[in-house]
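So the chains spell out like this:
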Amino acid sequence: MSVESPAGINTAKLDEIIQTYGGKKSYLIAILQKVQEIYKYLPEEAMTYIGTKIEGLSPATVFGVATFYAQFSLEPKGKYEIKVCDGTACHVRGSMPVIEAIKGKLQLKDGKMTTENGLFSFETVSCLGACGLAPAVVINDKVYPQMTPDSIKIIIDTLLKENE
Amino acid sequence: MNDKKTLFINNIEVEYTDEKTVLEVIRNNGFDVPTFCHRPDLTQYGACRMCIIEQDGKWIQASCTMPPREGIRVETNSTKVRKIRKTILELLLANHKRECLTCEKSGNCELQKYATEYGITDIRFPKLEEKDYAVVDDSNPSLVRDSSKCILCGACVRACSEFQGHSVLGFANRGSNTVVQPMNGRCLSDVDCVYCGQCQAVCPTGAISIKSAIDKVWDVINDKTKKVVVQFAPAVRVALGEEFNLEAGENTIGKIYAAARRLGFDLIFDTNFSADLTIMEEGNEFVKRLTKGEKLPLFTSCCPAWVRYLETQHPDLLGHLSTCKSPQGMLSPVVKEFLPKYYEGYKKEDIVVVSVMPCTAKKYEATREQLKGETDLVLTTQEFARMIKTAGINFKNLKDEEANSPFGKYSGAATIFGASGGVAEAAVRSAYYIVTGEELTNIDFVEMRGVDATSRTKDAIVDIKGTKVKVRVVSTLKEAEKSIQELKAGKSDFHILEVMACPGGCVNGGGQPTSCLDATIKEKRAKGLYTEDKNLAIRKSHKNPDVLKLYEECLGSIGGEKAHHLLHTTYSDKFKGSYKDIK
């Protein structure tokens, strides 16, 4: 799926989403979720557009909502979104070594969460409700149970090979 | 429903009637609690928790959001309450920049005041390192924003949204990472801020402050090669005294002239003079448009925040805006052009015009492309008061002095420019004469007056010999937006739209002495202006002899070529972004 550049947001598409919700500001979260489905993150241009278009909102207010909820990302996501559960159960069963292994493997440093080539993005999430499978990792909605640093490296290698 | 009920504050029984909150009952009865986020003209927010009280010896409640109840016992200074307040202050100071000595708001800061009052002599938390503090945003000519002094009371966010309907500032992030900022942490100059300064006016700390021009003004005063001329806006005269413990609304213009002379300004003029000039030009422009029936309604153009709002939000309506410069914008080129004619030794290139305004947006106005090189430096009322204090001038005991001629005389119509409705009232007084050639007898248009929160949109109909002129007076851009939407929907029938961006007009401007703690201060200031208007012998702009003389000796005819060149301006489309087709 191609992600359009922030400068080239599709305003017709945004209008369509806003219209679906009657242009009401009370639907802002739902609107932002739909926008994130398209771009896989929230481009600043899109937030500015929504904030200007919907009555009673402003770009700064939309930005406030977008940064308040962890579900919204302001950074472009990779083709593979890796989510590592760091809930209590996963944490005690060793999610931290898994996280370190992923960061090392993908060479993510200084708070960067997406790889240079745009293939992988990584985040930790709170309890996924799969404590029986701890430590659990989810890649693009597919659950990988009982991960270890070695097994996650193998999975990443497999995905890399698929994209060669 | 005015039944008197009672409750107890610190064991004293007090009566209350229709007070909405315990805080109001406390303050109406000679007690007090500290507050940061509470502002009478804004919605109750309950963020800072400084106003907490102990109820019935059991519960801790924020009094600003607590409705009064019959018979409750309220403690405002119990040990528990005082301990909590002290901790709150300490926590607020934990990540605060703590540079009171060099802070612009020092002496005028509520955080500093309460920290002193509560005896915060030691803060358990270490100071952050310099690099950990937020970057200061001083990218615009009017305001400086320093997030590292922000206590997240949300007053500025509410002011921006509730006064201007604009929400340039908003909260971002969550929990301990929360900050107040424009969209995506941009600079104020990078977003559609109109620089009205209301955020600054309600800010209890130094997080938002006025960009000071004081040093530059001292420099030109001390530069012997320069001739420094100063002008004072209408609303300054009824507010400056507050900085010297005089009553709000007391007209101190005589003392202000005297102080300016003692500060070293070479000539003292009055923006009121050019307010009369504005009426001559704008009245003439309005009558022209009215007879031709084009570009109506006429929008007033005195308020730079309003002008910028139209330019950034509704550029399609710029044709409605009067082409007249603001009074500040008119006086400066007139001074530079004609002063050498009246004063020996004055050369155009040596003249520096300083203006003292109740307004932060005027600083921006002076930097506008179309007005560059006219007004050189702009001080706010607050800054001018500080200069008087620096110079050690005993303001209270100064004897009244007069402004210099030929740009110092003014009419009552000019002085009411400082209150919402004043420009329209002044314009009508003269427009009647321009149309009919007769003088209006009853010149008090009370329906256009009023600066409190309930009179932000006012309508009046003036009968000019059979022509019914409908006047709409609006203060705050939120109200202005409503009138604009009416206009765009074809539902409006007003001929003049006067807009002032600050609630109540310039008397409550963003550069005035702090007035956000008492909603009646702006009413007192407005009353001061209307009293002066009433007491002046000349109350119509077209009767100001010096204005008439200026036309005769220098400008030629009203609305003529020279007047057009010096007194009128143009506007530009400043709409940004890819969303141009909307609204």
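These numbers were taken from a predicted model, which means no experiment stands behind them.

A few words now on the overall build of chain B. Within chain B one finds 18 helices and 17 strands. Against the 2.2 N^0.38 benchmark of 25 Å for 583 residues, chain B shows a C-alpha radius of gyration of 25 Å, consistent with a compact globule. Expressed as lengths along the three principal axes of its C-alpha atoms, the size of chain B is roughly 75 × 60 × 55 Å. Expressed as a percentage of the 583 residues in chain B, the buried residues total 50%. For chain B, the share of sequence-separated contacts (at least 6 apart) that also reach a separation of at least 24 residues comes to 72%.

Attention shifts here to the sheet that holds strand β4 (residues 59-62) of chain B. Residues and elements named next belong to chain B. With respect to topology, five strands assemble into an open sheet ordered β2-β1-β5-β3-β4, the strand pairing being mixed. Each edge of the open sheet carries a strand with a single partner, namely β2 (12-16) and β4. Averaged over neighbouring strand pairs, the angle between their axes works out to 40 degrees when direction is ignored. Relative to β4, strand β3 (residues 52-55) runs antiparallel, the two being bridged by four bridges. Paired with Gln55 across the strands is Trp59, a residue of β4.

Below, the discussion takes up the sheet that holds strand β1 (residues 80-85) of chain A. Residue and element names in this part refer to chain A. With mixed pairing, four strands are arranged side by side in an open sheet as β2-β1-β3-β4. Two strands bound the open sheet, and with one partner strand each, they are β2 (120-125) and β4 (142-144). For this sheet the average axis-to-axis angle between neighbouring strands, irrespective of direction, equals 25 degrees. Across three bridges, the pairing between β1 and strand β3 (residues 137-139) is antiparallel. Along β3, the bridge assignment pairs Ile82 with Ile139. Strands in contact with helix α6 (residues 95-106) are β1, β2 and β3; relative to β1, the strand with the most contacts, it is inclined by about 155 degrees.

As a further point, take helix α10 (residues 327-342) of chain B. Residues and elements named next belong to chain B. Of all the bends in α10, the largest measures some 40 degrees and sits at Lys336, one to four residues before the proline Pro340. Those residues of α10 that fall on the buried side of the exposure criterion are Pro327, Gln328, Gly329, Met330, Leu331, Ser332, Val334, Val335, Lys336 and Leu339. As for α10, its buried residues are in contact with β10 (227-232), β11 (267-270), α8 (271-292), β13 (351-357), α11 (361-366) and α18 (561-567).

Moving on to the confidence of the model for chain B. Looking at chain B, pLDDT values average 93 and 98% of them are 70 or higher. Note on the complex model: pTM 0.91, ipTM 0.89.

Here we come to the domain arrangement of chain B. Residue and element names in this part refer to chain B. For chain B, the assigned domains are domain 1 (5-87), domain 2 (95-210) and domain 3 (214-567). Centre-to-centre, using C-alpha coordinates, domain 2 lies 30 Å away from domain 3. Each partner contributes to the interface: domain 2 provides 20 residues, whereas domain 3 provides 25 residues. When grouped by side-chain class, the residues that make up the side of domain 2 that touches domain 3 number nine nonpolar, nine polar and two charged.

Counting residues in hydrophobic clusters, the biggest one holds 181 residues, and the most contacted among them are Ile50 of chain A together with Cys156, Val229, Trp306, Val471 and Ala501 of chain B. With residues up to four places along the chain from it excluded, the contact list for Val471 of chain B reads Ala424, Val428, Met448, Ala460, Val462, Phe494 and Ile496 of chain B.

Turning to the interface of chain A and chain B, a few remarks are in order. In this complex, chain A contributes 16 residues to the contact, which on the side of chain B involves 16 residues. For the side of chain A that touches chain B, the secondary structure elements donating two or more residues are α3 (44-53) and α4 (59-68) of chain A. No other element matches α4 of chain A, which puts seven residues into the side of chain A that touches chain B. Looking at the side of chain A that touches chain B residue by residue, the class counts come to six nonpolar, seven polar and three charged.

Residues and elements named next belong to chain A. The interhelical angle for the contact between helix α1 (residues 11-20) and α3, taken along N-to-C directions, is 50 degrees, at an axis separation of 11 Å. Put simply, α1 runs oblique to α3. Taken as a pair, α1 and α3 cross one another with a handedness that is right-handed. Here Thr11, Leu14 and Ile18 of α1 lie close against α3, whose contacting residues are Ala46, Tyr49, Ile50 and Lys53.

Before going further, it helps to spend a moment on the packing of α8 of chain B against helix α14 (residues 422-436) of chain B. Residue and element names in this part refer to chain B. Interaxial distance between α8 and α14 falls to 9 Å at its minimum, and their mutual angle equals 60 degrees. By the angle class used here, α8 and α14 are oblique. Remark: the crossing between α8 and α14 carries right-handed chirality. Contacts between α8 and α14 involve Ile279, Met280, Glu282, Gly283, Asn284, Phe286 and Val287 from the first element and Ala426, Ala427, Ser430, Ala431, Ile434 and Val435 from the second. Looking at the contact of α8 with α14, its residues break down into nine nonpolar, three polar and one charged.

Overall, the prediction assigns chain A a mean pLDDT of 89, with 95% of residues at 70 or greater. Confidence over residues 1-6 of chain A falls short of pLDDT 50; this stretch has nine contacts with residues more than four positions distant or in other chains.

Here we come to the environment of Gln36 of chain A. Residues and elements named next belong to chain A. Checked against the element boundaries, Gln36 lands in helix α2 (residues 28-39). Given 18 C-beta atoms within a 10 Å radius, Gln36 is considered partly exposed. Put simply, Gln36 and Pro76 are 40 residues apart on the chain and 9.8 Å apart in space, counted from C-alpha to C-alpha. In this structure, Gln36 is in contact with Tyr41, Leu42 and Phe72, ignoring residues within four places of it in sequence.

Procedures and definitions
- Residues numbered from 1 in each chain as written.
- Chains lettered and ligands numbered in written order.
- Predicted model: local features only at pLDDT ≥ 70, side-chain atom pairs only at ≥ 80, totals over all residues.
- Helix = DSSP H or I, 4+ residues; strand = E, 2+ residues; numbered from the N terminus.
- Rg over C-alpha atoms; globule rule 2.2 N^0.38 Å.
- Buried ≥ 20, exposed ≤ 12 C-beta atoms within 10 Å, placed from the backbone.
- Contact = placed C-beta atoms within 7 Å.
- Pairing = 2+ DSSP bridges.
- Axes fitted to C-alpha atoms, helices over the stretch in contact; angles between N-to-C directions.
- Bend = angle between axes of the 7 residues up to and from the residue.
- pLDDT = per-residue confidence, 0-100.
- Domains from an automatic or database assignment.
- Nonpolar A, V, L, I, M, F, W, Y, C, P; charged D, E, K, R; others polar.
- Core = buried A, V, L, I, M, F, W, Y, C linked by C-beta atoms within 7 Å.
- Parallel < 35°, antiparallel > 145°, perpendicular 65-115°, else oblique.
- Left-handed = near helix turned anticlockwise from the far one by under 90°.

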